[in-house]
Number of protein chains: 6
Amino acid sequence: MVRFDGRNCDEIREVKITRGYTVVPEGSVLIEIGKTKVLCTASVEERVPPFQKGTGHGWVTAEYSMLPRATEVRNQRESTKGKLGGRTMEIQRLIGRALRSVVDTSKLGERTIWLDCDVLQADGGTRTASITGAYIALVDAVKYLMHHKVIENDPLMDSIAAISVGKVNGQAVVDLAYEEDSKAEVDMNIVMTGSGKFVELQGTAEGRPFDKTDLDAFLTLGELGIRKLMESQNKALTAERGR
Amino acid sequence: MVRFDGRNCDEIREVKITRGYTVVPEGSVLIEIGKTKVLCTASVEERVPPFQKGTGHGWVTAEYSMLPRATEVRNQRESTKGKLGGRTMEIQRLIGRALRSVVDTSKLGERTIWLDCDVLQADGGTRTASITGAYIALVDAVKYLMHHKVIENDPLMDSIAAISVGKVNGQAVVDLAYEEDSKAEVDMNIVMTGSGKFVELQGTAEGRPFDKTDLDAFLTLGELGIRKLMESQNKALTAERGR
Amino acid sequence: MVRFDGRNCDEIREVKITRGYTVVPEGSVLIEIGKTKVLCTASVEERVPPFQKGTGHGWVTAEYSMLPRATEVRNQRESTKGKLGGRTMEIQRLIGRALRSVVDTSKLGERTIWLDCDVLQADGGTRTASITGAYIALVDAVKYLMHHKVIENDPLMDSIAAISVGKVNGQAVVDLAYEEDSKAEVDMNIVMTGSGKFVELQGTAEGRPFDKTDLDAFLTLGELGIRKLMESQNKALTAERGR
Amino acid sequence: MVRFDGRNCDEIREVKITRGYTVVPEGSVLIEIGKTKVLCTASVEERVPPFQKGTGHGWVTAEYSMLPRATEVRNQRESTKGKLGGRTMEIQRLIGRALRSVVDTSKLGERTIWLDCDVLQADGGTRTASITGAYIALVDAVKYLMHHKVIENDPLMDSIAAISVGKVNGQAVVDLAYEEDSKAEVDMNIVMTGSGKFVELQGTAEGRPFDKTDLDAFLTLGELGIRKLMESQNKALTAERGR
Amino acid sequence: MVRFDGRNCDEIREVKITRGYTVVPEGSVLIEIGKTKVLCTASVEERVPPFQKGTGHGWVTAEYSMLPRATEVRNQRESTKGKLGGRTMEIQRLIGRALRSVVDTSKLGERTIWLDCDVLQADGGTRTASITGAYIALVDAVKYLMHHKVIENDPLMDSIAAISVGKVNGQAVVDLAYEEDSKAEVDMNIVMTGSGKFVELQGTAEGRPFDKTDLDAFLTLGELGIRKLMESQNKALTAERGR
Amino acid sequence: MVRFDGRNCDEIREVKITRGYTVVPEGSVLIEIGKTKVLCTASVEERVPPFQKGTGHGWVTAEYSMLPRATEVRNQRESTKGKLGGRTMEIQRLIGRALRSVVDTSKLGERTIWLDCDVLQADGGTRTASITGAYIALVDAVKYLMHHKVIENDPLMDSIAAISVGKVNGQAVVDLAYEEDSKAEVDMNIVMTGSGKFVELQGTAEGRPFDKTDLDAFLTLGELGIRKLMESQNKALTAERGR
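The present account deals with the structure reproduced in this document. Small disclaimer: the values here were computed from a predicted structure and weren't measured. (Residues numbered from 1 in each chain as written. Chains lettered and ligands numbered in written order. Predicted model: local features only at pLDDT ≥ 70, side-chain atom pairs only at ≥ 80, totals over all residues. Heavy atoms only, no water.)

**Some words on the overall build of chain A**
Spelled out, the test is: Labels follow the DSSP assignment, with helices taken as runs of H or I lasting at least four residues and strands as runs of E lasting at least two, numbered in each case from the N terminus. Radius of gyration means the value over C-alpha atoms here, while the globule rule gives 2.2 Å times the residue count to the 0.38 power. Exposure is judged per residue with a 1.4 Å probe applied to protein chains only, and the accessible area is read against the type maximum: over 50% gives exposed, under 20% gives buried, and values in between give partly exposed. Note on definitions: a residue-residue contact is assigned when non-hydrogen atoms from the two residues lie within 4.5 Å. Per-residue accessibility takes into account occlusion by the displayed protein chains alone, with areas from the Shrake-Rupley method and a 1.4 Å probe.
Counting its secondary structure elements, chain A contains five helices and nine strands. Ordering the α and β elements of chain A from the N terminus gives β-β-β-β-α-α-β-α-β-β-α-β-β-α. A compact globule built from 243 residues would reach a C-alpha radius of gyration of about 18 Å, and chain A, at 18 Å, matches this within 12%. Once the C-alpha set of chain A is aligned to its principal axes, its extents read approximately 55 × 40 × 35 Å. The buried share of chain A, taken over its 243 residues, is 63%. If you take every contact in chain A between residues at least 6 apart in sequence, the share linking residues at least 24 apart comes to 69%. For chain A, the exposed surface amounts to about 9400 Å²; the carbon and sulfur share of it is 48%.

Take a look at the structure:
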């Protein structure tokens, strides 16, 4: 079965990663996966949240937002509404947990790395693109800290990337575009380390419940897709950039 | 290995379900799982959210809250803070999706069933206890609607229950108490239908990533635990109650 | 004249007090007056509000909330609305002032006792039931503090309870149920100490103004009702409970 | 015993009432009681709150606010804080109930009269001055409506005024200035109709509980004070004003 | 051409300035320009905002608000809405910047002067009247600080006043009343120092763009109007007042 | 005198305009002026604000926001703070007024064009770049509406662009970068139509007041700069783009 955009079931969309997209942040990455465009920046702040104070450990946290016209229909800004929606909160908590899972915060010192993921254009998979792009911004920020001798030892313990899988028209597929996402029977986000282990697994039956056989198909497709994303991450990271 | 409270790895805590705990709501269930106590009420409202208007379909939604002293340390009320936290939003969205997955909203008519899950005492597993208890409140509300001829056909397509599984001290366990939850390496919530299919699967590596073998162990334990919860649900539902 | 539920004008509803309803708080009381059910917990916090800092004095404060389906028609949560309503603020200020009036804060040390009154089911008189129940939770918290040698001298100077009186169909009655409250011409809340003095007196002519003769009738009925509540309080407090 | 400002216990402060202080509102009254200055305006709006719609009845409601430097120490604006405090809510609910109690809303038609009470300078008794002044603004708004034939029959059923009484240094006094209010043992606000009946009675033991004898003294002093306020109201209302 | 109220194009409305309108603030001025009435108070606070801490410099800031019935149609309070509108923010930022421009904050010491401008009645030109009145309140507060030896050297470097100019029916006019303001083609606010220099110039083409010739006419009219306002300021300041 | 970045006083920074930067909106323009990068999108909504309903006229409005790390130091998101700051409100009101001034809303029909200006990188002049870029997005949205026969007649009456001028180190300069803006004595924003008339003129003396001679220099420099911006606008608009 061919998908609406001609892809095979196990085929991810084209990935384009631009490091140093803006020049001010310690890390700044524009990640494009198909039409989805997310600007991921990493900002170092020389303090930690209250619960980390005095522990000698650092912190990694994320914020996620969509520009109002990232989507087909314009969305009201959450700043205008005066509060964050549940979807935004869920996503930024997920991104933060994911990135924290590969950082040894004891090597970061008492400082915070903020990962801001701002969706310029949304065509499905914005949360997984955010994780995949934020990882590169995080690497750049860590390099910056080590280059300037702010920290001595690399706090990164592993690499990380994420992808969506799901069931559309009874068929398991990877890297769903909005067209597919909006009518998927099951939608699952998988976050995996470079060493091939799970960090997050979030599967939701949107239309009908799924069984163990579906799950196995999702995991296989997801791992394949994440491997391809990691190749793109590695290629982007080998090209040097300065600040 | 015996757990901190003497349970085996595959043993869930004692379950106590009180139907009609309060007399006003169409469904009102106090569910106690170990020391965790959640009051789940189902309220029928004769209108639907704007996006469902004119569709002929109904809606099922959930709200979740903890009393300030449900926990060891008193928490500030979200009403006093002026906004819902991310954790609350995540949980109530999960409960809503879970319960909706077993309802044929076309048979509900243009009305909403609100499932309010208020945690009176929290000792781990409050979100899964909420789903398990809210299902019974939902059944009672549906019975109420059918008894009063408000709806003709039963909109419930399946039963549903949920449980937490995780890895504590390197060991997979089911139905984590707070003592275990707070130091779990992996924490996973499983929502399953009576027909044994997955509705939600949310696994998070709190401490270290997990692999396929861990996942298999979690799913096996989870299914076992959910079977036991469903026995408690069935037993509670066979005893008659009025309103 | 017999009332809608068969009571005489000077007859209060059945009172049921359960100490230690939840096990975590320093004081935890479920008070049931007729169908009105309020969970009152007392929580000790080792700090005081800014205006008490450095005075050596403690503080006692209260928060009040109703579960959304405590009432016949479901109410929107104040946490969802993003702010407390005027009624809630009025009531929690009243409860706080009432309980503070029997505490010698100089004997409490620089700590706060939070009294959380959460209405599980509302059938009139929730604010007076909250005061009556919170007093017992406060006693238990004080016992806890003295038992653990946190404080040396009992800061409680008197006992306290509260009741509603009013005029319904031209007749003065005590302890109004919602059925009566909703059509009362006058509604008055009386808070009294064990020594028989007034702490608060709040009378409102809902329908028509009242005169001195009405007031005298209200005070007589109120005092009688409060005496009966105090008997229930005393009985509950003689039975031992632990934590 | 002479009071700090030379007054006798039963003596109220000088009262000055300026009708038409601002020219736009249907009623606009600057009331000065001692140093307390409140601008009370009455505004007619041609619609009612949702709960009154279709009843043919009108509505009367009040809002209360203090300018930030009405008090000795500047207070932060509630508009800047982003929410109303409990004290403000309590007071504006009291003012609204008080004024509604003398209006036959069926004669008002489906329109709302807003009573805005803005305290320009606060020296005790701002809520009672607000009620006393708002009554005159209400009279002017009603005259305006009748003069313009918007309504035919006078909806005012009685006049209304309010005063504070209390116990200071063991002595019952009327019309407390801030100096007295801040150290009163008991503080009571009395709202009374021209026909000498109670509309509201709110007594609070700030320092020590009070008994029936105290209460009788308060009521006597309060009635005397209110009589004097009503003389000032009548005098102000006999002088003509236009718009 | 004569204006709607009989004024010439270069004629400002009658100005009335009352110092010490309320007695508590360090500076308190009621300024009336035509029917526009603004109460401007100056309050000294013995601390500065975080960004000024430790600099030895003081701060001057302003807040602006309109009473709900200052205008023909009643406006909802911003405290009730829960947030400040854009217009309010714009105006209070303008007032603050304007007054700060004539203060040498190094001579003020680490303290803040709050300028509260509350519009009791609005008939056009409320922001410029606020600046003109707040200057006098500021002078009084500075006198108070110097009289009480809190500061030694006068921090005021110049005087300041403001006026509106605009184009109505193709004609440049000064000091627009609401009647004119609401249909002006161009509306410009000019803030000027006593030494005749510009502090702020804010011109907006409401209806049609304007050119250099218009601008010159505005500036000439504006300077003339401001000179007249400054005469009123000086006259008010020569009359002594105490506190 | 040469400026910090080598520019002459009357020299603007390099301008780069990318139409169709994102593909979903009716207009989408990335404007880069020096290091300042703003994404301006135009979105058509088929309804108008309440005050325009039934008039047959359309509406044009703007929203402005900065990504948190658009600046050297990361700023907290306004969505997280729960409210818009005064600066944001001021700017988005300015952008909205500016663009509305060149639109004949009667030709737009009852629909709204939203202009969203999101600053990806900020190096001074973000509000003027927003106006200059939003004009192009607006042109594209109008072309879209005309191409799809939604509207018949071009509602655009003129073109529009904006620039900042100011006084830095006693020297008048155009198009200030952040380095200059932060220490400018005077800062002025000029919005001009293609026909060379003023739409907005906002000059603020940050450090010291300015006189008529300064103003003349600012206006000359501003007009020159705006002419250059308009050349860039025209060049960008001649290249075709599709959607």
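**So, the interface of chain B and chain C**
When the parts of a complex come together, some accessible area is lost, and that lost area is often used as the size of the interface. Put simply, the rule reads: We define buried area as the total accessible area lost by two parts upon association, computed with a 1.4 Å probe and summed across both. Salt bridge criterion: a side-chain nitrogen from Lys or Arg within 4 Å of a carboxyl oxygen from Asp or Glu. Throughout this description, a polar contact denotes any pair of N or O atoms lying within 3.5 Å of each other; where both atoms belong to protein, one of them has to be capable of donating a hydrogen while the other can accept it, and for residues adjacent in sequence the pair is counted only when both atoms sit in side chains. For this classification, Asp, Glu, Lys and Arg are treated as charged, while Ala, Val, Leu, Ile, Met, Phe, Trp, Tyr, Cys and Pro are nonpolar and the rest, including Gly, are polar.
Facing 36 residues of chain B, the contacting portion of chain C comprises 36 residues. The junction of chain B with chain C conceals about 2900 Å² of combined surface from both sides, 49% of it contributed by carbon and sulfur atoms. Together, Arg69(B), Arg74(B) and Arg77(B) form the three largest contributors to the area buried by chain B at its contact with chain C, with a combined 23%. Inspection of the chain B/chain C interface yields 12 salt bridges. Of the charged contacts in the structure, one is a salt bridge between Glu63(B) and Arg77(C), with a shortest N-O distance of 2.9 Å. Across the contact surface, chain B and chain C share 21 residue pairs in polar contact (both at pLDDT 80 or more). When residues of the side of chain B that touches chain C are traced back to their parent elements, those giving at least two are strand S3 (36–45), strand S4 (59–66), helix H1 (78–81) and strand S5 (112–121) of chain B. Of the residues that constitute the side of chain B that touches chain C, the class distribution is 14 nonpolar, nine polar and 13 charged.

**With respect to the sheet that holds S5(B)**
Residues and elements named next belong to chain B. Heads up, the rule is: We call two strands paired when DSSP finds no fewer than two bridges between them. Lines fitted to the C-alpha atoms define the axes, with helices restricted to the stretch that makes contact. Angles between their N-to-C directions range from 0 to 180 degrees.
The strand order across the open sheet formed by five strands is S1-S2-S3-S5-S4, and the pairing between neighbours is mixed. Edge positions in the open sheet fall to strand S1 (15–19) and S4, since each of these has one partner strand only. Each adjacent strand pair in this sheet contributes to an overall mean axis angle of 15°, direction not counted. Its contacts with the sheet place helix H2 (residues 86–100) against S4 and S5, and it is angled at close to 145° to S4.

**Observations concerning helix H5 (residues 212–238) of chain B**
Selection rule: Here the expected length of a helix is defined as 1.5 Å per residue gap, with one fewer gap than residues.
Taking 1.5 Å of rise per residue, 27 residues should cover 39 Å, and H5(B) covers 39 Å from first to last C-alpha, within 8% of that figure. The opening residue of H5(B) is Asp211(B), an N-cap whose side-chain oxygen sits 3.2 Å from the backbone nitrogen of Thr213(B).

**A closer look at the sheet that holds strand S3 (residues 36–45) of chain A**
Residues and elements named next belong to chain A. Across the sheet, five strands lie side by side as S1-S2-S3-S5-S4; this open sheet has mixed pairing. Edge positions in the open sheet fall to strand S1 (15–19) and strand S4 (59–66), since each of these has one partner strand only. Across this sheet, the average inter-strand angle for adjacent strands is 15°, counted without regard to direction. Of the strand pairs in this sheet, S1 and strand S2 (residues 27–33) are connected by five bridges, and their pairing is antiparallel. The partner of Ile-17 across the bridge, within S2, is Ile-31. Of the strands in this sheet, S1, S2, S3, S4 and strand S5 (112–121) touch helix H3 (residues 126–147), which is tilted by about 35° from S3. This element, helix H5 (residues 212–238), spans S1 and S2 of the sheet and lies at about 30° to S1.

**Things to note about the pattern of salt bridges**
On inspection of all chains with the given rule, the structure shows 141 salt bridges over all chains. The closest approach of N and O atoms between Arg7(C) and Asp175(C), which form a salt bridge, is 3.6 Å. Of this pair, Arg7(C) sits in the segment before strand S1 (15–19) while Asp175(C) sits in the loop between strand S7 (171–174) and helix H4 (178–181), and the two are 168 residues apart along the sequence. Classification of Arg7(C) as buried rests on a relative accessible area of 5%. Its relative accessible area of 5% is what places Asp175(C) among the buried residues. Across the pair Arg77(D) and Asp118(E) runs a salt bridge, and its minimum N-O distance is 2.9 Å. Within this pair, whereas Arg77(D) is found in the loop between strand S4 (59–66) and helix H1 (78–81), its partner Asp118(E) is found in strand S5 (residues 112–121), the two belonging to separate chains. Residue Arg77(D) shares its accessibility class with Asp118(E), and that shared class is buried.

**Observations concerning the relation of the copies chain A and chain F**
As a reminder, the rule being used: To superpose the copies, least squares is applied to the C-alpha atoms of every residue with a pLDDT of at least 70 in both.
Once chain A is rotated about the relating axis by 180° and shifted along it by 0.0 Å, it coincides with chain F to within an RMSD of 0.0 Å. Interpreted geometrically, this transformation is the action of a two-fold axis. Proximity to the rotation axis, assessed at the C-alpha, singles out Ser79(A) in chain A; its C-alpha lies 1.8 Å from the axis. Residue by residue, 100% of the interface of chain A is reproduced at the interface of chain F, so both copies engage with the same surface.

**Remarks on unusual backbone geometry**
At Lys149(B), a residue that is not glycine, the phi angle is positive and equals roughly 60°. Relative to the helices and strands, Lys149(B) resides in the loop between helix H3 (126–147) and strand S6 (160–168). Taking relative accessible area as the criterion, Lys149(B) reaches 73% and is therefore assigned exposed. One non-glycine residue, Asn169(C), adopts positive backbone phi at about 50°. Along the chain, Asn169(C) falls in the loop between strand S6 (160–168) and S7. Exposure remark for Asn169(C): the relative accessible area of 57% places this residue in the exposed category.

**A closer look at the interface of chain A and chain F**
Contacts between the two partners involve 36 residues from chain A and, on the opposite side, 36 residues from chain F. Approximately 2900 Å² of surface area, both sides summed, lies buried where chain A meets chain F, with 49% of it carried by carbon and sulfur atoms. The three residues of chain A that bury the most area against chain F are Arg69(A), Arg74(A) and Arg77(A), which together make up 23% of that side's buried surface. Taken together, the connections running from chain A to chain F amount to 12 salt bridges. Salt-bridge contacts for Asp116(F) lead to Arg77(A); the nearest nitrogen and oxygen are separated by 2.8 Å. There are 21 residue pairs in polar contact (both at pLDDT 80 or more) connecting chain A and chain F. Elements supplying a minimum of two residues to the side of chain A that touches chain F: S3, S4, helix H1 (78–81) and S5 of chain A.

**What about the packing of helix H2 (residues 86–100) of chain F against helix H3 (residues 126–147) of chain F?**
Two numbers describe a pair of packed helices, the interaxial angle and the distance between the axes. Residue and element names in this part refer to chain F. Counted only if it meets this: If an angle is under 35 degrees, it is roughly parallel; if it is over 145, roughly antiparallel; if it lies from 65 to 115, roughly perpendicular; otherwise it is oblique. By convention the crossing between two helices is left-handed if the near helix lies anticlockwise of the far one by an angle smaller than a right angle, and right-handed if it lies clockwise.
Interhelical geometry of H2 versus H3 gives an angle of 40° and a closest axis separation of 10 Å. Taken as axis vectors, H2 and H3 run oblique relative to one another. At the point where H2 passes H3, the crossing takes the right-handed sense. Side by side, H2 and H3 meet where Arg-87, Glu-90, Ile-91, Leu-94, Ile-95, Ala-98 and Leu-99 of the first sit next to Thr-126, Arg-127, Ser-130, Ile-131, Ala-134, Tyr-135 and Leu-138 of the second. Tallied by class, the residues present in the contact of H2 with H3 amount to nine nonpolar, two polar and three charged.

**Regarding the pairing of strand S8 (residues 186–193) of chain D**
The side chains of a regular strand alternate, residue by residue, between the two faces of the sheet. All names here are of chain D. Of all eight residues in S8, eight are buried; the element is thus mostly enclosed. The side-chain alternation of S8 yields two buried faces, one formed by Val-186, Met-188, Ile-190 and Met-192 and the other by Asp-187, Asn-189, Val-191 and Thr-193. Of the strand pairs in this sheet, S8 and strand S9 (residues 198–205) are connected by seven bridges, and their pairing is antiparallel. Paired with Ile-190 across the bridge in S9 is Leu-201. Here S8 folds back onto S9, and the loop between the two strands holds four residues, one of which, Gly-196, carries a positive phi near 80°.

**So, the pairing of S6(C)**
Residue and element names in this part refer to chain C. Judged by how many residues are buried, S6 sits mostly within the fold: nine of nine residues are covered. The alternating pattern of S6 places Ile-160, Ala-162, Ser-164, Gly-166 and Val-168 on one face and Ala-161, Ile-163, Val-165 and Lys-167 on the opposite face, and all of these are buried. Sheet analysis places S6 next to strand S8 (residues 186–193), joined by eight bridges and oriented antiparallel. Directly across from Ile-163, in S8, lies its bridge partner Ile-190. When S6 meets S7, the two strands line up antiparallel, connected through four bridges. Pairing of Gly-166 across the sheet is with Val-173, part of S7. In sequence, S6 turns back onto S7 through a hairpin of two residues, with Asn-169 there showing a positive phi of about 50°.

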